Amino acid sequence: MPGILIYSDNITLTKQLITAGLLLKEKMNQPVYVILTGEQDLTGIANTAADEVFVLKGSNPWPESYADAIANFASTEQISAGLFGGTPRGKDIAAKVAAKLGAGLVTEAQSVEFDDGCLLTTRLLYGGLAVATEEVKLPALATIAPKTFEEAGSSDKQTEVITIEAANELNQITIGETCPVVREGVELSAANRIVSVGRGVGKKEDLSMIGELAQAFDAEIGCTRGIAEDYHWLPVERYIGISGQKVKPDMYFGVGVSGQVQHLAGMRESKVIVAIDMNENAPIFEAADYGIVGDLYEVVPLLIEALKS
Ligand SMILES: Cc1cc2nc3c(=O)[nH]c(=O)nc-3n(C[C@H](O)[C@H](O)[C@H](O)COP(=O)(O)OP(=O)(O)OC[C@H]3O[C@@H](n4cnc5c(N)ncnc54)[C@H](O)[C@@H]3O)c2cc1C
């Protein structure tokens, strides 16, 4: 039966996609099907308001091996719209499923709606300088980045979970060896508060002052590309922007960050943006909810003192 398909290899993102799926359901009047692969954790999925949960059982642990099986499912169920998690694996699978179905695919959709028989999506272009609105004929797929939607809450409904054998499981991937990615910090995209350092900070030693501010706010430290890639003061996984991390914290606090478009593309969705910059015309102030025009070397110590007391 035609429906709205949800898939992500990341279970938190799956719950966020269910929210988007339920919004589409209101207009499309079609059920929301969640599909999970392999050994994904079901916790908190079966009691959302999704209509049916399908677990694709196969022998292969790698999500990308299930692309054909997901496409088969989508084709059998005559899926109208498919929302895929915008993780590297999710994008890879979405592209394969779209090709197999002959469906249009929008990547990095910021919003999805149903309008006049089409999926209507928006996404940022040119590093956030423009918003593209696209109308895709059904069946249509979209990938959605983490934190674009809130996680679906739990409902009283206990959704039926159906296990199906994964047909056409691809076994083209053989893993010779795995080694963990060594991260020097936390996953910035999951941080609720971020203090972000820019080149307004003059010396590496001064990062200790920014560290104190971050600690006082109970925040993680992020930075601009120059701090990570040119100065090498912080690891690259801490830089935010179009070519760095996309973040959406409750509070983003920019210190000596000018707010060039490539940086804004990674943080403009933050709930509250605060910025300190000595240049009152710095572009960060256009994106900021609160701005302090001043010398960070004067402002930051005062803030630390105030926060501590
Ligand atoms: C293809 C491409 C991709 C890019 N991707 C990214 C990306 O993903 N992320 C990213 O961050 N950048 C990216 N960049 C770089 C980006 O264009 C900017 O150069 C960068 O974001 C600027 O970093 P910044 O704000 O630290 O430095 P600047 O632009 O030099 O700004 C420093 C700011 O500090 C202020 N300042 C100086 N001294 C003080 C003081 N004492 N007190 C208060 N304020 C002070 C200045 O007024 C200024 O506004 C990219 C560039 C390109 C071309």
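Residues numbered from 1 in each chain as written. Predicted model: local features only at pLDDT ≥ 70, side-chain atom pairs only at ≥ 80, totals over all residues. Heavy atoms only, no water.

**Focus on the overall build of the chain**
The helix and strand inventory of the chain stands at eight helices and 15 strands. Taking 19 Å as the expected radius of gyration for a compact globule of 309 residues, we find that the chain reaches 22 Å, a close match to that expectation. Counted over contacts in the chain with a minimum sequence separation of 6, partners at least 24 positions apart contribute 65%. Summing over all exposed atoms, the chain offers an accessible surface of approximately 15200 Å²; the carbon and sulfur share of this is 49%. For the chain, the distance from the average site of its 24 positive side-chain charges to the average site of its 42 negative ones is 2 Å. (Helix = DSSP H or I, 4+ residues; strand = E, 2+ residues; numbered from the N terminus. Rg over C-alpha atoms; globule rule 2.2 N^0.38 Å. Contact = heavy atoms within 4.5 Å. Areas by Shrake-Rupley, 256 points an atom, 1.4 Å probe, with all protein chains shown as cover. Lys, Arg positive; Asp, Glu negative; His and termini not counted. Charge placed at Lys NZ, Arg CZ, Asp CG, Glu CD.)

**Structural notes on the site of the ligand**
Taken together, 24 residues form the shell around the ligand, and within it Arg199, Thr224, Ser243, Ser258 and Asp277 come nearest. Within the backbone of Gly244, a nitrogen or oxygen atom sits 3.4 Å from an oxygen atom of the ligand. If you list the elements that add at least two residues to the shell around the ligand, you get helix H6 (261–267) and helix H8 (296–308). Grouping the constituent residues of the shell around the ligand by class yields seven nonpolar, 13 polar and four charged. (Near = heavy atom within 4 Å. Polar contact = N/O pair within 3.5 Å; in protein donor to acceptor, adjacent residues only side chain to side chain. Nonpolar A, V, L, I, M, F, W, Y, C, P; charged D, E, K, R; others polar.)

**With respect to the domain arrangement of the chain**
Interfaces are frequently sized by the accessible area removed from exposure as the parts join. By domain assignment, the chain separates into domain 1 (4–165) and domain 2 (188–308). Measuring from the centre of the C-alpha atoms in domain 1 to the corresponding centre in domain 2 gives 33 Å. Across the boundary between the two partners, domain 1 contributes ten residues, which contact ten residues of domain 2. Here domain 1 meets domain 2 over a buried area of about 710 Å², counting both sides, of which 48% is carbon and sulfur. If you sort the residues of domain 1 by the area they bury against domain 2, Leu124, Gly127 and Lys147 come out on top, with a joint share of 63%. Put simply, domain 1 and domain 2 have three residue pairs in polar contact (both at pLDDT 80 or more) between them. A per-class count over the side of domain 1 that touches domain 2 returns four nonpolar, four polar and two charged. (Domains from an automatic or database assignment. Buried area = accessible area lost by both parts, 1.4 Å probe.)

**Focus on a negative patch on the surface**
A grouping of Glu113, Asp115, Asp116 and Glu135 is seen on the molecular surface, where their side chains present a negatively charged patch. Structurally, Asp115 can be placed in strand E6 (residues 111–115). Taking the relative accessible area as the measure of exposure, Asp115 reaches 35% and is therefore partly exposed. (Patch = residues over 30% accessible without salt bridge, like charges linked within 9 Å, V, L, I, M, F, W, Y side chains within 5 Å. Salt bridge = Lys/Arg side-chain N within 4 Å of Asp/Glu carboxyl O. Buried < 20%, exposed > 50% of the residue type's maximum accessible area, 1.4 Å probe, protein only.)

**Quick word on the side chain of Thr122**
Looking at the element boundaries, Thr122 is found in strand E7 (residues 118–125). Side chain to side chain, Thr122 and Ser111 meet in a polar contact 2.6 Å long. Contacts of Thr122, omitting those with residues within four sequence positions, involve Glu108, Ala109, Gln110, Ser111, Val131, Ala132 and Thr133.

**Things to note about the sheet that holds strand E5 (residues 104–106)**
Judged by pairing direction, the sheet is parallel, and its seven strands sit side by side in the order E5-E9-E4-E1-E2-E3-E10 without closing on themselves. Lying at the two open borders of the sheet, with one neighbouring strand each, are E5 and strand E10 (160–165). Recorded for the sheet is a direction-independent mean angle of 20° between the axes of neighbouring strands. Direction of pairing for strand E1 (residues 4–7) relative to strand E2 (residues 32–37): parallel, over a ladder of three bridges. Residue pairing in the sheet places Ile6 in a bridge with Val34 of E2. In the packing of helix H3 (residues 88–101) onto the sheet, the strands contacted are E1, strand E4 (81–85), E5 and strand E9 (140–144), and the crossing angle to E4 comes to about 155°. (Pairing = 2+ DSSP bridges. Axes fitted to C-alpha atoms, helices over the stretch in contact; angles between N-to-C directions.)

**Some words on the sheet that holds strand E8 (residues 130–137)**
Strand order across the open sheet formed by three strands is E6-E7-E8, with antiparallel pairing between neighbours. Of all the strands in the sheet, just E6 and E8 have a single pairing partner and so form its edges. The sheet shows a mean angle of 25° between the axes of neighbouring strands, direction not considered. Across five bridges, E6 lies against E7 in antiparallel orientation. Bridging from a neighbouring strand, Asp115 pairs with Cys118 of E7. Contacting E6 and E7, helix H1 (residues 11–28) crosses the sheet at an angle of about 10° to E6.

**Overview of the nonpolar core**
Ranked by size, the top nonpolar core spans 28 residues in total, and within it Leu24, Val34, Leu83, Val112 and Ile144 carry the most contacts. The dominant element in this core, judged by the number of residues it contributes, is H1, at seven residues. Core analysis: the next-biggest nonpolar cluster, separate from the first, contains 26 residues, Leu213, Phe253, Leu296 and Ile304 among them. (Core = buried A, V, L, I, M, F, W, Y, C linked by side-chain atoms within 4.5 Å.)

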